[in-house]
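Structure at a glance
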Amino acid sequence: MFEVREKPDLVERAMLVGICYDKREEEETRKLLLELEELVDTLGIGVVGMELVRVRDRHRGFICGTGKADELVELAKARNCDCIVFDNEITPMQQRNWEGLSDLTVIDREEVILDIFAKRARTKEARLQVDLARMQYALPRLARMWGHLDREGGGGGGGGGGGAQRGMGEQQVEIDRRLARNKISRLKKELDAVRQQRSTQRKERTRGDVATAAIVGYTNAGKSTLLNKLAGSDIMAADMLFATLDPTTRRLDLADGQTLLVSDTVGFVRNLPHRLVESFKATLEEAILADFLVHVVDANSDEVHEHYETTCKVLAELGADDKQVIVVLNKIDQIEDPAVLAGLRLDFPGAVETSALKGIGMETLLGKFSNKLADRVKRLSYRIPQSRGDITGLLHSEGKVLSTDYDGNDVLITAVVPKDFESRFAEFVVS
C-alpha cells in the first residue's frame, strides 16, 4: 500500500532558503524565512542556516540558476545538512532536480506544514483532511519516493515473460499512482460523510435557534486559550504552531440570559497551501456559517498587521469575509511600550484588549457578545395563570428563564426569549 514518506523522521539538520525576484521583496522574504524557521523547529528539525537569495528570473529546472544552485548545495554540505527547505513552492521536477544535484532531502514550505498537520491530527476528521492534502501533494511526486524503481521485479501475472516486457519499475509506480488515486477518492467520500454529519448537527442548532460564533486568527494567537478562559474548559492550548486542528465548540451562558455556542478553529499562516484550505473546509465551515466571528490577533507580535491581513485573506477565500467581526487584541499584557499600544488602538479601533492567559478583558468581550445578539432576543416579564402550564413550559424550553415567582394563582416569570414570543404571548406580558 502506498504511504507518504515521513520526512521528520529522516532529517535532523536543515538549511532554509528563500528566493525573491525583486529587491523590494527582500524584507518580506526575510520575515517569511523567520516564520519558516519556527515551522521547521515545530517538527523538531534543527536549523543550521538561512539563506536569502535574490535572482533576476525564475528558472524552470532549479527555481534559480544552476550556478546559484551549485553554490547553495556546497553551502548545505559544508554545514553538514541533510535537508534543504525552500520557503518558495517548488514543482515536483524541481524537487527531483535538487535532490539529484545535492543527494539531500529537499522539501518546501507546503510539505513542512503538511508534516506538522500530520503530527497534530488527533480526531478521525482531522486525520482524513490531513491524509487527503498529503496524498494530493504526493501524487505528482511519487517517482521520487520510491528507492526501488531501478529494481527489476517478477512477472506481472502468468509466466515469467511479464517482467521482461516492462521497463524497470514502470509497472510498480503506475500501480502506486492508481492506489494513490483510489485513496484520494475514498478520503473525499469519507470527508463528504463528515460534512453531512456536521450539517445535521448545525440543523439541530438552528432548530433550537442558538446563536453561534467562531474564533479565527493566525496560528498561535491564543484562540484556544481564550475559549478555555471564556468557557472554563480544558481544550489543548499550547505555545506551538497549529496546536488546534479539530473544531471545538463550547456553550456560553451570557449575563443577560442569552446562550452562545463558540467554536475554535485551526489557525492560519501566510502562504497556507490552497489544498489545505480546501481539505479543511469541513472544519472551517464553522467560520463560514457562524453568526459572527471573533478575530484574535497577537498584539505583541512584530507582524500583527501581516497576521491580521493573512487571516482576512483566508476568510475571503472561504467566503466568510462579509461576516460581522469582533477584533480581539490578545496578549495585551506583554506590551510594555505605550506608543505601541496607542498605535494598535488607532489601527484597530473598537477592538477588545485581552490577555486570555491572565483573564484580562473577558467581561468586556462577553458584553460584546451580548450586544451582537441583542436583536435576536428580548427580556420580558410574564404573568401566566398556573392553569397555562403549556406557556410556562414553552418559556422554559424555548427561552432562558431568569426568575420565577408566584402571586395567587399566577406565575410571575422573567425570561430572555426569541423576539416572536412578544407577539405570540402578548396577553401575558407585564409592562
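The sections below set out a description of the structure shown in this document. (Residues numbered from 1 in each chain as written. Predicted model: local features only at pLDDT ≥ 70, side-chain atom pairs only at ≥ 80, totals over all residues. Heavy atoms only, no water.)

1. Focus on the sheet that holds strand β2 (residues 46-54)
- Reading across the sheet, the four strands line up as β2-β1-β3-β4 and stay open at both edges, with parallel pairing between neighbours. Here the strands that pair on one side only, and so sit at the sheet edges, are β2 and β4 (105-108). Across the sheet, the mean angle separating the axes of adjacent strands is 20° when strand polarity is ignored.
- As judged from the eight bridges shared by strand β1 (residues 13-20) and β2, these two strands associate in the parallel manner. Note on β2: the bridge partner recorded for V17 is E51. (Pairing = 2+ DSSP bridges. Helix = DSSP H or I, 4+ residues; strand = E, 2+ residues; numbered from the N terminus. Axes fitted to C-alpha atoms, helices over the stretch in contact; angles between N-to-C directions.)

2. What to know about the nonpolar core
- Counting 39 residues, the largest nonpolar core has V40, V85 and V112 as its most contacted members.
- With five residues, the top contributor of residues to this core is helix α4 (residues 109-120).
- Sequence-distant contacts of V112, that is, excluding residues within four places in its chain, are made with L39, V40, L43, V85 and I107.
- Counting 22 residues, the second-largest nonpolar core is a separate cluster that includes I215, F292, V352 and M362. (Core = buried A, V, L, I, M, F, W, Y, C linked by side-chain atoms within 4.5 Å. Buried < 20%, exposed > 50% of the residue type's maximum accessible area, 1.4 Å probe, protein only. Contact = heavy atoms within 4.5 Å.)

3. Some thoughts on the sheet that holds strand β8 (residues 292-298)
- A sheet is described by the order of its strands in space; here six strands give the open sequence β6-β7-β5-β8-β9-β10, paired in mixed fashion. Strands with a single pairing partner mark the edges of an open sheet, and in this sheet they are β6 (248-253) and β10 (352-353).
- The sheet contact formed by β6 and strand β7 (residues 259-264) spans six bridges and is antiparallel. Paired with R250 across the two strands is V262, which belongs to β7.
- Sheet strands touched by helix α10 (residues 304-318): β5 (211-217), β8 and β9 (324-330). Its angle to β8, the strand with the most contacts, is close to 150°.

4. With respect to unusual backbone geometry
- Of note in this structure, N220 is not a glycine but carries a positive phi near 70°.
- Along the chain, N220 falls in the loop between β5 and α7 (223-231).
- Overall, the relative accessible area of 19% leaves N220 in the buried class.
- Even without glycine at this site, K331 takes up a positive phi of about 60°.
- As for its position among the elements, K331 is in the loop between β9 and α11 (338-347).
- Overall, the relative accessible area of 18% leaves K331 in the buried class.

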